[in-house]
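# Chain and residue survey
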Amino acid sequence: MTEAAFSQPASKASLSEQVLDKLLSGRGIWPAVPAIIVLSVVAVIPFVILLSLGFSDIVVSRGAIVSQTFSLSHLTNALTDPLYWTTFQRSLTLAINTTVLCLLFGYPVAYLFLIGGKWTRRLILILTIAPLLTSGIVRTYAWLVILGGRGVVNSTLMSLGLIDQPLRIMNTHWAVLIGMVQIHLPVMILPLIAVMSRHEGGLFEASANLGASRLGTLRTVILPLSAPGIGTGAALVFTLSYTTFVVPQLLGGGNYLNAATMIYEQVVFSLEWSKGSVSSLILMVTCLIVLVVIAMITNLFTRWTKGRDA
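Here's what I pulled together on the structure shown here. All of these numbers come straight from a predicted model, not from anything done at the bench.

### Re the packing of aromatic side chains
For any pair of aromatic rings, geometry is given as the distance between the ring centres together with the angle between the planes. As enumerated under the stated definition, the model contains 3 aromatic pairs in all. When the ring of Phe238 is compared with that of Tyr242, the centres are 5.3 Å apart and the planes differ by 15 degrees; the resulting orientation is stacked. Residue Phe238 and its partner Tyr242 are located together in helix H11 (residues 227–242), separated by 4 residues, close to a single helical turn. Note on Phe238: relative accessible area 2%, which makes it buried. Measuring from centroid to centroid gives 4.6 Å for Phe245 and Tyr264, while their planes differ by 45 degrees, and the two rings are tilted. Taken together, the positions of Phe245 in the loop between H11 and helix H12 (246–251) and Tyr264 in helix H13 (residues 259–269) put the pair 19 residues apart, joining distant regions of the chain. Residue classification places Tyr264 among the partly exposed residues on the basis of a relative accessible area of 31%. Over the face of the ring belonging to Tyr256 we find Arg90, whose NZ or CZ atom lies 5.0 Å from the ring centre. A cation sits over an aromatic face here: Arg121 above Phe113, 5.1 Å from the ring centre.

### Things to note about unusual backbone geometry
The backbone of Asn171 shows a phi angle near 60 degrees, a positive value even though the residue is not glycine. Structurally, the position occupied by Asn171 is in the loop between helix H7 (152–159) and helix H8 (173–197).

### Some remarks on the pattern of salt bridges
Applying the stated criterion to the full structure yields 1 salt bridge. Residue Lys275 pairs with Glu272 through a salt bridge whose shortest N-O separation is 3.6 Å. Lys275 gets classed as partly exposed once you look at its relative accessible area, which sits at 35%. The class for Glu272 is partly exposed, based on a relative accessible area of 31%.

Conventions used here
Residues numbered from 1 in each chain as written. Predicted model: local features only at pLDDT ≥ 70, side-chain atom pairs only at ≥ 80, totals over all residues. Heavy atoms only, no water. Phe/Tyr/Trp six-rings, centres within 6.5 Å; stacked < 30°, edge-to-face > 60°. Helix = DSSP H or I, 4+ residues; strand = E, 2+ residues; numbered from the N terminus. Buried < 20%, exposed > 50% of the residue type's maximum accessible area, 1.4 Å probe, protein only. Lys NZ or Arg CZ within 6 Å of the ring centre and 35° of its normal. Salt bridge = Lys/Arg side-chain N within 4 Å of Asp/Glu carboxyl O.

Next comes the structure, spelled out in structure tokens:
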């Protein structure tokens, strides 16, 4: 009995030592425990609260919920309301156009980084990263000055005699699109540079030895190898463009209604928290669907490229 009494604490001590050893050595699931706790606090719990608000009728008094009952009416109303369909279609179109334009403008910059010298690469990196050091709100206000009625664009065109009166650029779809492309362009360029730089060694020399031109190398070698960077950049730009609030609100003049601005008005001004929660859920689900489609297309293209090379 004495041996059993002494052996049990010893076994417990050894078990605690094993757990401590795994925690300190970084083995098992223990290193991920802090991240799981943080994600639970900042992501899972707010999402559960969002679900509870979206699928219930609530009564708000003085900024607090007085009563809450389960209901699907807000979801059904949102799915059958033409205003929701029009708003989300506009947001989706804006995000897709922004993504395509960022790819068209960003890919030549990444390609120039690939073929350029040391100082060219440094200059491209500085010009790409420098805008990210400034807040998106500040850059949006800069476009207010540039695109305004007496802004840089209209003043330049009028001084050159090309127009007689200022063009109406602000508070239009084009102003929002211009601001979105400029603000999100670095997010497209950086993944392309990261992926294309991994394959820079000897590609042009090997392709030239096989008789291919620079254009042929770009089309048959560089472009297929940069598919992961295109997919990553497209996913990032689309997510930021689809869920953005500041740029449409400022450059659209308050009359440009997209999904994010609609949610803001529902939650802040109308205090319709259930409608805002349902709109947020629809925004989240549609964004995830598009991201899954982008990931599938990127994986298929990557597999096709590897299979063709094999």
